[in-house]
Amino acid sequence: MRLLVFILLCLPAIASADQESDFLAARDAYRAGDTVRLEQMAGRLKKSPMEPYVAYYQLRMRLDSADPAAVKAFLARTDETPLVDRLRGEWLKQLGKKQQWEIFAAEYPRLLSGDTELSCYAVQARLRNNDPSALQAVRSLWLNGNGQPESCANVFEAALAAGAITPQDVWQRTRLALEAGNTSLAKQLAPRLPEDRGLESAALDAAASDPERYLQHAELNTEGQRLVALFALRRLSKQLPQLAYNQWDRLSSAFTLPERQYFFGWLAYEAARKLDPRAVEWFRQAGDAPLSEVQYPWRVRAALRVQNWREVLAAVNAMPPAMQREGAWRYWKARALKALGHHKEAEEIFAELGREYHFYGELAAEELGAPPAATVGTAAFQPAKGELEAIQAHPGIQRALILYRLDMRADAAREWSWAVRKFDDRQLLAAAELARRNEMYDRAIFAADKTVQQHDFNLRYLSPYREELQGHLREHGLEEAWVYGLMRQESRFVTQAKSNVGAAGLMQIMPATARWVARKLGMKNYRESLIHQLDTNLKLGTFYMKTVLSWFDNSPVLASAAYNAGPGRARVWRADKPLEGAIYAETIPFDETRDYVKKVMSNTVYYAKLFGQPPRTLKQRLGTIEGKTSANQQPIPDEK
């Protein structure tokens, strides 16, 4: 990693190389449980910006037996570091396990980042204090199809005994467990169900392992038996909706109207995710059955896929209010209103949404005739000397810089996020500029993205390594803005970035893809360690971008989807007929890829404006995706 020369010159208070070495030794001592060595390093790091970490390590090693006064002293520190809240949460769990409720109750309100385990301990503390409203908080924790931590067991039992959790709540959680595929939890709940709603473990196992065979002989006399059958039908619909529908056609008469609507709600959801046009009709057959937070969006997407704007509007209006306020659904509601002739209502939504800087905001602005990235200026933010010095002096920023330099990237990101969380726009831009000068491009983008009123799009859409990239762009005839739009989304320009599935470098190339491209390029000495080398990563990545672009008739939408999810999937996701690019992107079944394609394409528009390229709207760039029957059907190699 390159030296952070700027900071080392400007900040004499930042740790020296010796201090950094001592800190790494302290971290290693903590990991090894070496209290003596850690104590030695603590003495040497008392005046270092990293002292809070060493103090945290020392307390964390003996947290189960630590003096409460020592813990409280650490929690009372004024250091701007996420370590304080982290230790608070860890200590609260210790206090909960030991049932030290008085101390727990005093400290819990100060916690900023909790979890379910601590929420249940908090209810336990309230119950010990005879808080009559405590059990009312239990029901929201109960209605979850996933297993809950041990700390919840006692409060659940208390709520069940007091009637705060009703038999209907037990039934509802059982259904949620089966929706989540959690048969173990369903079996645990079964003894609490009345006889007519009882579930047999053997039946659940059979329905889970071979749903089609189970349904051939399923008994449907009780509500519990029908719930197991609905579970089996859902599993079949995940494989192929037609399989479930075939079984349903034979069994449907045994089910009640609410059960039929429930079935169609999930059949429609699975069909929509498989881009089956029958999903719209199946959602209609679900009637007024309540949908889950994952089903509502797919009701809209199913209607978009067949371009039924009346159903798009109805599906958005059926969403919970909070969901309707999301950018995606405001945009598609406005599009539906416009298509149905309600132009004034549509324009009001477009006008409000068009002031936001994201995929849907850009599309909304273009609907009103605004040019591409109309609000993007080219003047870079210039922080005053005092502003930059104030950011440089911030302890959390100093720690983030050190941790980044030591390649402790996750810790650096947490420190940075914590430090900038209360910054105003000018402070955020100063922090972004500081990060840029120190080649912390991901942190610069993070800070610049958070501004509300004052923006610098040069910082939001950084473009490092332009000189290194030019030769590869010319060789493959690629648009620079699209390549940068993809790189920004892939790695935030972190050369050492590595995903949890192994994708590496600026262009986040999968090892198998890199080997395939290297063979195509005749790189006889290629080895996986080269994937992080800047020029090699750019060489491999741009070649692959050009390859997938040519496979998909020069559609950057399809090529971006292929780059992220694989060429085969990008091809399968096309419709039978030509489809608007924005609708194709919206209906990508993979959550990650759907978000990825939208952001890459939005990024491209902003980069094109900043690079001074000829203006093209986002809608023009998204274009029309050719149908399966009319598109180029050349075979896609499977070497990748």
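Residues numbered from 1 in each chain as written. Predicted model: local features only at pLDDT ≥ 70, side-chain atom pairs only at ≥ 80, totals over all residues. Heavy atoms only, no water.

Let us look at the overall build of the chain. Tallying secondary structure elements over the chain gives 39 helices and two strands in all. Overall size of the chain, expressed as C-alpha extent along the three principal axes, is 80 × 65 × 55 Å. The buried share of the chain, reckoned over its 640 residues, is 52%. Of the contacts formed within the chain by residues at least 6 apart in sequence, a portion of 62% connects residues at least 24 apart. Of the roughly 29100 Å² of accessible surface on the chain, 48% is carried by carbon and sulfur atoms. Taking the 85 positively charged and 77 negatively charged side chains of the chain as two groups, their mean positions are separated by 2 Å. (Helix = DSSP H or I, 4+ residues; strand = E, 2+ residues; numbered from the N terminus. Buried < 20%, exposed > 50% of the residue type's maximum accessible area, 1.4 Å probe, protein only. Contact = heavy atoms within 4.5 Å. Areas by Shrake-Rupley, 256 points an atom, 1.4 Å probe, with all protein chains shown as cover. Lys, Arg positive; Asp, Glu negative; His and termini not counted. Charge placed at Lys NZ, Arg CZ, Asp CG, Glu CD.)

Let's shift gears to the confidence of the model for the chain. Note: predicted coordinates in regions of low pLDDT should not be interpreted at a detailed level. Summarising the model, the chain shows a mean pLDDT of 93, and 95% of its residues fall at 70 or more. Predicted confidence for residues 1-14 stays below pLDDT 50, and this span has 30 contacts to residues more than four positions away or in other chains. (pLDDT = per-residue confidence, 0-100.)

Membership of the largest hydrophobic core comes to 216 residues, with the highest contact counts inside it found for Phe23, Trp332, Phe493, Met507 and Tyr584. In contact with Tyr584, not counting residues within four places along its chain, are Arg305, Val557, Leu558, Ala561, Ala570, Trp573, Arg574, Leu579 and Ile625. (Core = buried A, V, L, I, M, F, W, Y, C linked by side-chain atoms within 4.5 Å.)

This brings us to the side chain of Glu90. Examined against the element boundaries, Glu90 turns out to sit in helix H6 (residues 82-98). Of the polar contacts made by the side chain of Glu90, one reaches the side chain of Tyr56; its length is 3.0 Å. Excluding its chain neighbours within four sequence positions, the residues that come into contact with Glu90 are Tyr56, Arg60 and Leu63. (Polar contact = N/O pair within 3.5 Å; in protein donor to acceptor, adjacent residues only side chain to side chain.)

With a phi close to 60°, Glu439 is a non-glycine residue in the positive phi region. With respect to the helices and strands, Glu439 occurs in the loop between helix H28 (425-437) and helix H29 (441-449). With a relative accessible area of 29%, Glu439 lands in the partly exposed category. Positive phi outside glycine occurs at Gln508, with the angle close to 45°. You can see Gln508 is positioned in the loop between helix H32 (480-491) and helix H33 (511-520). By relative accessible area, which is 9% here, Gln508 ends up buried.

Here the focus is the packing of helix H3 (residues 35-44) against helix H4 (residues 51-61). Look at H3 against H4: their axes get within 10 Å of each other, and the N-to-C directions meet at 155°. Judged by the angle between their axes, H3 and H4 are roughly antiparallel. For the pair H3 and H4, the crossing hand works out as left-handed. When H3 is examined against H4, the residues Thr35, Leu38, Glu39 and Ala42 are found in contact with a partner set consisting of Val54, Tyr57, Gln58 and Met61. Looking at the contact of H3 with H4 residue by residue, the class counts come to five nonpolar, two polar and one charged. (Axes fitted to C-alpha atoms, helices over the stretch in contact; angles between N-to-C directions. Parallel < 35°, antiparallel > 145°, perpendicular 65-115°, else oblique. Left-handed = near helix turned anticlockwise from the far one by under 90°. Nonpolar A, V, L, I, M, F, W, Y, C, P; charged D, E, K, R; others polar.)

For the rest of this paragraph, the subject is helix H16 (residues 241-251). Buried within H16 are the following residues: Pro241, Ala244, Gln247, Trp248 and Leu251. Across the axial projection of H16, the buried residues extend over an arc of 130°, all falling on one side. Each element contacted by the buried residues of H16 is listed here: helix H14 (211-216), helix H15 (223-239), helix H17 (257-273) and helix H18 (279-285). (Arc of directions from axis to C-beta.)

Now for the packing of aromatic side chains. Applying the stated criterion across every chain yields a total of 35 aromatic pairs. On the numbers, 5.4 Å between centres and 90° between planes, the contact of Trp266 with Tyr269 is edge-to-face. In this pair, Trp266 and Tyr269 both sit in helix H17, three residues apart, roughly one turn of the helix. Here the basic side chain of Arg173 rests over the ring of Trp142, its NZ or CZ set 4.6 Å away from the ring centre. Across the ring face of Tyr461, the terminal group of Arg488 is positioned such that the distance to the ring centre comes to 4.3 Å. (Phe/Tyr/Trp six-rings, centres within 6.5 Å; stacked < 30°, edge-to-face > 60°. Lys NZ or Arg CZ within 6 Å of the ring centre and 35° of its normal.)

Direction vectors running N to C along H6 and helix H8 (residues 116-128) enclose 45°, while the axes themselves pass 10 Å from each other. Put simply, H6 runs oblique to H8. Here the hand of the crossing between H6 and H8 comes out left-handed. Note on element contacts: H8 touches H6 through Glu117, Leu118 and Tyr121, opposite Gly89, Leu92, Lys93, Gly96 and Lys97.

If you trace the backbone, Ser133 turns up in the loop between H8 and helix H9 (138-142). Of the residues examined, Ser133 reaches a relative accessible area of 35% and is grouped as partly exposed. Put simply, Ser133 and Tyr563 are 430 residues apart on the chain and 52 Å apart in space, counted from C-alpha to C-alpha. A distance of 2.8 Å separates polar atoms of two side chains, one belonging to Ser133 and the other to Asp131.

Our next topic: helix H11 (residues 167-179). Between its first and last C-alpha atoms H11 spans 19 Å; for 13 residues at 1.5 Å apiece the expected length is 18 Å, and the two agree. Downstream of H11 by one or two residues, Gly181 has phi in the positive range, about 75°. (Expected span 1.5 Å × (residues − 1).)

If you walk through the whole model with that rule in mind, you get 47 salt bridges. Across the pair Asp131 and Arg126 runs a salt bridge, and its minimum N-O distance is 3.1 Å. According to the relative accessible area criterion, Asp131 is partly exposed, its value standing at 25%. Between Glu586 and Lys598 there is a salt bridge, and its shortest N-O distance comes to 3.5 Å. Of this pair, Glu586 sits in helix H37 (residues 581-586) while Lys598 sits in helix H38 (residues 591-610), and the two are twelve residues apart along the sequence. For the residue pair Glu586 and Lys598, the accessibility class agrees, reading buried in each case. One network of salt bridges, with partners in common, ties together Arg335, Lys338, Glu367, Glu580 and Lys619. (Salt bridge = Lys/Arg side-chain N within 4 Å of Asp/Glu carboxyl O.)

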